[in-house]
Amino acid sequence: LYKKQRPQLGDLPSKRGKTTFYNPSYSTANSNAEIKKLFENKKVFDYTKSMYLIKDFVSLANTKPDDIILDFFSGSATTAHAVMQLNAEDGGNRRFIMVQLPEKCEEESEAFKAGYKNICEIGKERIRRAGEKIKAEHPDKDMDIGFRVLRIDSTNMKDVYYKPSDMTQETLLDSIDNIKNDRTDLDLLFGVMVDCGLPLDMSIETKAIDGKTYYVVNHGDLVACFEQDVPEKLIYEIANMKPQCAVFRDSSFATAKDKVNVTEIFKNITGRDDCVKVL
């Protein structure tokens, strides 16, 4: 790598020496062969960066063992691969955040024929395969190769812009629940985590009482239940955990009296009534 100097008109070309940072493993040919081997000899991505180059960059940046490495243009997730490889080599616990638009793969491409419809799918699969490969190569290391895949979306709440004159019986019924119909429990849970300022890589346990599911984030920093008709037994179970925040949806309670009762239960057990939130 070197800085190119452009001579002024009439000047002789510069003879300033180049500063070189090069290793044969950094070549495009080597990096293409690297990902091809990882995907069982399928060419799923063109012109990927070398994992060894990115690994050396992370080392040269003097990152700490528990730093977070961010790549806004992750492509085939070479940076994630490099971070895991470096952790295996020096015992670090660096984490990564990969950001990539879901650019579609061309239908005639080998990636599309192999079942990858967009670049994000290639990146996710590379992280899985690279992680398993690195763990197999370093059986003595207790490595965490898990990761979460999140998508940016609009709010979970319905947009309500009706004027009184526009209201009908149908729109009134639609307003009973203010959460969009296509949202899952996990959509709501991660939305709440963002609102509460909680890191999205926190541990999440899924539990159930009497067939009603609830979620415990980071051993009780947040507990959420989005079921309908939540039984009192479950309310007491969550309240006794004394979470920093407990979240329910409005339709979890049949009447306003039930909703008030939840607040009173939490107040009596935790001494607080501000930890209960209703979507």
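Up top is the structure.
These notes cover the structure that comes with them. (Residues numbered from 1 in each chain as written. Predicted model: local features only at pLDDT ≥ 70, side-chain atom pairs only at ≥ 80, totals over all residues. Heavy atoms only, no water.)

**Concerning the overall build of the protein**
To keep it simple, the criterion reads: Note on conventions: DSSP H or I runs of at least 4 residues are helices, E runs of at least 2 residues are strands, and numbering of each starts at the N terminus. In this scheme, a residue with accessible area under 20% of its type's maximum is buried, one over 50% is exposed, and one in between is partly exposed, where area comes from a 1.4 Å probe on protein chains only. Contacts between residues were defined by any pair of non-hydrogen atoms, one from each residue, lying within 4.5 Å. Methods summary: accessible areas were calculated by the Shrake-Rupley approach with a probe of 1.4 Å, and residue burial reflects only the protein chains presented.
Scanning the protein from terminus to terminus reveals 9 helices and 7 strands. Taking all 279 residues of the protein together, the buried fraction comes to 36%. Sequence-distant contacts in the protein: of pairs separated by 6 or more residues, those separated by 24 or more amount to 54%. Carbon together with sulfur atoms contributes 51% to the accessible area of the protein, which is approximately 18200 Å² in total.

**A closer look at the sheet that holds strand S5 (residues 222-225)**
Within a beta sheet, neighbouring strands are joined by backbone hydrogen bonds and run either parallel or antiparallel to one another. Cut-off, in case you're wondering: For two strands to pair, DSSP has to find at least two bridges joining them. Axis geometry follows a simple rule: fit a line to the C-alpha atoms, using only the stretch in contact for helices, then measure angles between N-to-C directions, giving values from 0 to 180 degrees.
If you walk across this open sheet you meet the 5 strands as S3-S4-S5-S6-S7, and the pairing is mixed. Two strands bound the open sheet, and with one partner strand each, they are strand S3 (204-209) and strand S7 (276-278). Pairs of neighbouring strands in the sheet enclose a mean axial angle of 20°, with direction left out of account. By the bridge criterion, 6 bridges tie S3 to strand S4 (residues 212-217) in an arrangement that is antiparallel. Along S4, the bridge assignment pairs Ala208 with Thr213. Contacts from helix H8 (residues 232-240) reach S3, S4, S5 and strand S6 (245-248) within the one sheet, and its direction differs from that of S4 by about 10°.

**Remarks on the packing of aromatic side chains**
Rules: Any two rings among Phe, Tyr and Trp, with Trp reduced to its six-membered ring, count as a pair given centres within 6.5 Å; such a pair is stacked if its planes are under 30 degrees apart, edge-to-face if over 60, and tilted if neither.
Applying the stated criterion across every chain yields a total of 4 aromatic pairs. Relative to Phe266, the ring of Phe248 lies with its centre 6.5 Å away and its plane at 75°, an arrangement referred to as edge-to-face. One end of the pair, Phe248, is in strand S6; the other, Phe266, is in helix H9 (residues 256-270), and 18 residues separate them in sequence. Judged on exposure class, the residue Phe248 and its partner Phe266 are both buried. These aromatic residues form a ring-pair network of at least three members: Phe248, Phe253 and Phe266.

**Brief notes about the nonpolar core**
To be explicit about the condition: Note on terminology: a nonpolar core comprises buried Ala, Val, Leu, Ile, Met, Phe, Trp, Tyr and Cys residues joined through side-chain atoms within 4.5 Å.
Grouped together as the largest cluster of nonpolar side chains are 27 residues, with contacts concentrated most on Phe39, Val44, Met84 and Ile122. Counting only elements with at least two residues in this core, the list comes to helix H1 (28-38), helix H2 (51-60), helix H3 (78-90) and helix H5 (119-137). Element by element, the count of residues in this core is highest for H3, at 6 residues. Non-local contacts of Phe39, meaning those with residues more than four positions away in its chain, are made with Val44, Tyr116, Ile122, Glu125, Arg126 and Arg129. Formed by 18 residues, the second largest nonpolar core is a distinct cluster that contains Val223, Leu234, Phe253 and Cys275.

**A short note on the pattern of salt bridges**
Basically, it comes down to this: Just to be clear on terms, a salt bridge is a Lys or Arg side-chain nitrogen sitting within 4 Å of an Asp or Glu carboxyl oxygen.
The tally for this structure, following the rule as stated, stands at 15 salt bridges. Ionic pairing is found between Arg183 and Asp153, a salt bridge with its closest N-O pair at 3.7 Å. Of this pair, Arg183 sits in the loop between helix H6 (169-174) and helix H7 (185-195) while Asp153 sits in the loop between H5 and H6; the two residues are 30 residues apart in sequence, bridging distant segments of the chain. Taking the relative accessible area as the measure of exposure, Arg183 reaches 14% and is therefore buried. In this structure Asp153 comes out as exposed when scored by relative accessible area, which is 59%. Residues joined by salt bridges that share partners form a network here, namely Glu40, Glu125, Arg128 and Arg129.

**Looking at the side chain of Glu227**
Rules: Charge assignment: positive for Lys and Arg, negative for Asp and Glu; neither His nor the chain ends contribute.
Tracing the backbone shows Glu227 in the loop between S5 and H8. Lys212 is the oppositely charged side chain nearest to the buried, salt-bridge-free Glu227, at an N-O distance of 4.7 Å. Beyond its immediate stretch of four places on either side in the chain, Glu227 contacts Gly211, Lys212, Thr213, Arg249 and Ser252.

**Observations concerning H9**
Filter applied, for reference: A helix is expected to span 1.5 Å for every residue after the first.
The end-to-end C-alpha distance of H9 is 21 Å, a good match for the 21 Å that 15 residues give at a rise of 1.5 Å each. Packing partners of the buried residues in H9 comprise H8, S6 and S7. Backbone geometry just after H9 places Gly271 at a positive phi near 80°.

**Observations regarding the packing of H1 against H5**
Selection rule: In what follows, roughly perpendicular refers to angles from 65 to 115 degrees, roughly parallel to angles under 35, roughly antiparallel to angles over 145, and oblique to any angle outside these ranges.
At a minimum axis separation of 10 Å, H1 and H5 run at an interaxial angle of 85°. For the element pair H1 / H5, the angle class is roughly perpendicular. From H1, Glu34, Ile35 and Leu38 reach across to H5, where they touch Arg126, Arg129, Ala130 and Lys133.

**A word on H2**
So the rule is basically this: Under the rule applied, a polar contact is a pair of N or O atoms within 3.5 Å (in protein, one hydrogen donor and one hydrogen acceptor; residues adjacent in sequence only if both atoms are side-chain atoms).
Among the residues of H2, Met51, Leu53, Ile54, Lys55 and Val58 are the ones counted as buried. The secondary structure elements touched by the buried residues of H2 are H1, strand S1 (68-71), H3 and H5. The N-terminus of H2 is capped by Ser50, whose side-chain oxygen sits 3.2 Å from the backbone nitrogen of Tyr52. Two residues or fewer past H2, Asn62 is found with a positive phi of approximately 55°.

From the geometry alone we can't say anything about function, so treat these as descriptive.
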